[in-house]
Amino acid sequence: MSKISPSELEERLSSDDPPSVLDIRPSDAYERGSIDGSHNVPVYDDLRRGDEAALRDSLSEIPDDRPVVTVCKAGVVATKATDLLESEGYDALTLAGGIRGWTGYRNQSLGYRLSSFLRQLV
């Protein structure tokens, strides 16, 4: 399973060949804040319970002609979506830190800067 950092995602989103961003959080969370241009398939609760059926039923909504970056709250449940997409032949990545990481990166929050520093030490 592969991950992509918020800074890498931002760079790729501004490229000539941007990935598709799949936000799996519940609709209300997505509406409160999301990555510009992302697509919401609200299967977070299903995947958290181990039920992949809802995501499998939504595969036709997910482009398969470019990489897909999955997003959830903190990046944990999105790994399940990434694993399923990879098993279906998609080029899929998980956004490290989820929407929290993205927001922290975009705001350059102290928490994000500290966690980035600590990751570099490991």
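The name given to the protein in an unreviewed UniProt entry is Rhodanese-related sulfurtransferase, with the source organism recorded as Natronorubrum sediminis.

Chemist: Where do I start with the sheet that holds strand β5 (residues 92–95) in this structure?
Modeler: Reading across the sheet, the five strands line up as β1-β5-β4-β2-β3 and stay open at both edges, with parallel pairing between neighbours. Each edge of the open sheet is held by one strand with a lone partner, namely β1 (3–4) and β3 (39–40). Relative to β5, β1 runs parallel, the two being bridged by two bridges. Paired with Lys3 across the bridge in β5 is Thr94. Of the strands in this sheet, β1, β2 (20–23), β4 (68–71) and β5 touch helix α5 (residues 77–87), which is tilted by about 175° from β5.

Chemist: Explain the pairing of β2 here, please?
Modeler: Along any regular strand the residues' side chains alternate between the sheet's two faces. With burial as the criterion, each face of β2 is covered, one bearing Ser20 and Leu22 and the other bearing Val21 and Asp23. Sheet topology places β2 next to β4; four bridges connect them, and they run parallel. Bridge pairing in β4 places Val21 opposite Val69. With two bridges connecting them, β2 and β3 associate as parallel partners. Of the residues in β3, the one forming a bridge with Leu22 is His39. Once the chain exits β2 it traverses helix α2 (residues 27–32) before rejoining the sheet at β3, and the crossover so formed is right-handed.

Basis of the calculations
Residues numbered from 1 in each chain as written. Predicted model: local features only at pLDDT ≥ 70, side-chain atom pairs only at ≥ 80, totals over all residues. Heavy atoms only, no water. Pairing = 2+ DSSP bridges. Helix = DSSP H or I, 4+ residues; strand = E, 2+ residues; numbered from the N terminus. Contact = heavy atoms within 4.5 Å. Axes fitted to C-alpha atoms, helices over the stretch in contact; angles between N-to-C directions. Buried < 20%, exposed > 50% of the residue type's maximum accessible area, 1.4 Å probe, protein only. Right-handed = clockwise from strand over helix to strand, strands pointing away.

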